[in-house]
Amino acid sequence: MAAISRPLSAPRSRALVALLCAAAFTFPVDAAAAAASDVPKASASSIALGAASANLEFEVNRGQFDPQVRYVGHGGGATLFLTATEAVYVLPMVPATRAGNMLALRMQLVGANAQSTHGGEAPSAHRSSYLRGNDPAGWHTDIPNFTRVRYEQVYGGVAMVWRGRENAAAQYDFEVAAGADAGQIRLQFAGADALDTD
């Protein structure tokens, strides 16, 4: 099994603009989707993340978020939402713009299997709870957190593994089974003015 690994590194603003890039593939950028978004686009000077001492961890969605979201990672003021075929990194912007003070960078797995199976791996000692409102029936408590999340069969014979790293960073790996076609893997980005590889 071959592994293709690219970190999503967030401690420096330039690295953040490049955080969803990998040199191993050609990634088409959907300019129409980026232009249609009401979330401001990134520039090298517009992003700042607070320092985080712990690794980013992923909590499973048990009703505390939109049903499309499978896992959520938090760290350093940033939030990473993982759906079946997309990752959305929501970051604080400095200075805040009239459109808001957050920036969303989107990475879509083009043509991926929306029914892929998923599971948290390497449970952490942390648990999350959401106590919204006065009715305990609507609370979400004791939600497990994981240091890794695995999506099986995102493409035929291809798994995708997300790992939490320090300073609100995340890393994704594609694990390609023997005989499977790595050329199936296509990523599309929106929300940045430019993309660089690291």
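Look above for the structure.
Calculation criteria
- Residues numbered from 1 in each chain as written.
- Predicted model: local features only at pLDDT ≥ 70, side-chain atom pairs only at ≥ 80, totals over all residues.
- Heavy atoms only, no water.
- Helix = DSSP H or I, 4+ residues; strand = E, 2+ residues; numbered from the N terminus.
- Buried < 20%, exposed > 50% of the residue type's maximum accessible area, 1.4 Å probe, protein only.
- Contact = heavy atoms within 4.5 Å.
- Polar contact = N/O pair within 3.5 Å; in protein donor to acceptor, adjacent residues only side chain to side chain.
- Core = buried A, V, L, I, M, F, W, Y, C linked by side-chain atoms within 4.5 Å.
- Pairing = 2+ DSSP bridges.
- Phe/Tyr/Trp six-rings, centres within 6.5 Å; stacked < 30°, edge-to-face > 60°.

**Some details on the overall build of the protein**
Step number 1: Regarding its fold elements, the protein presents two helices and eleven strands.
Step number 2: Counting helices and strands in the order they occur from the N terminus, the protein gives β-α-α-β-β-β-β-β-β-β-β-β-β.
Step number 3: By residue count, 45% of the 198 residues in the protein fall in the buried class.
Step number 4: For the protein, the proportion of contacts with a sequence separation of at least 24, taken over those separated by at least 6, is 60%.

**Section: the environment of Ser 124**
Step number 1: Checked against the element boundaries, Ser 124 lands in strand β7 (residues 117-130).
Step number 2: Ser 124 sits in the buried class, given a relative accessible area of 16%.
Step number 3: Residue contacts for Ser 124: discarding those within four places in its chain leaves Glu 57, Asn 145, Phe 146 and Thr 147.
Step number 4: At 3.1 Å, the side chain of Ser 124 and the backbone nitrogen of His 126 are in polar contact.

**A word on the nonpolar core**
Step number 1: Counting 37 residues, the largest nonpolar core has Phe 58, Met 107, Leu 109, Met 160 and Trp 162 as its most contacted members.
Step number 2: If you tally residues by element for this core, the top one is strand β8 (residues 140-155), at six residues.
Step number 3: Setting aside its immediate chain neighbours within four residues, Leu 109 contacts Thr 85, Val 154, Tyr 155, Met 160, Phe 174, Arg 186 and Leu 187.

**Describing the pairing of strand β10 (residues 170-176)**
In summary, the side chains of a regular strand alternate between the two faces of the sheet.
Step number 1: Burial runs high along β10: seven of the seven residues are buried.
Step number 2: What you see with β10 is no split at all: Ala 170, Tyr 172, Phe 174 and Val 176 on one side and Gln 171, Asp 173 and Glu 175 on the other are buried throughout.
Step number 3: Bridge count between strand β9 (residues 158-164) and β10: seven bridges; the pairing is antiparallel. By the bridge assignment, Val 161 is partnered in β10 with Asp 173.

**A word on the packing of aromatic side chains**
Step number 1: Evaluation of the coordinates by the stated rule reveals four aromatic pairs.
Step number 2: Ring geometry for Phe 65 and Tyr 130: centres 5.7 Å apart, planes at 75°, overall edge-to-face. Of this pair, Phe 65 sits in the loop between β2 (57-60) and β3 (71-75) while Tyr 130 sits in strand β7, and the two are 65 residues apart along the sequence.
Step number 3: Note on Phe 65: relative accessible area 19%, which makes it buried.
Step number 4: Judged by its relative accessible area of 16%, Tyr 130 is buried.

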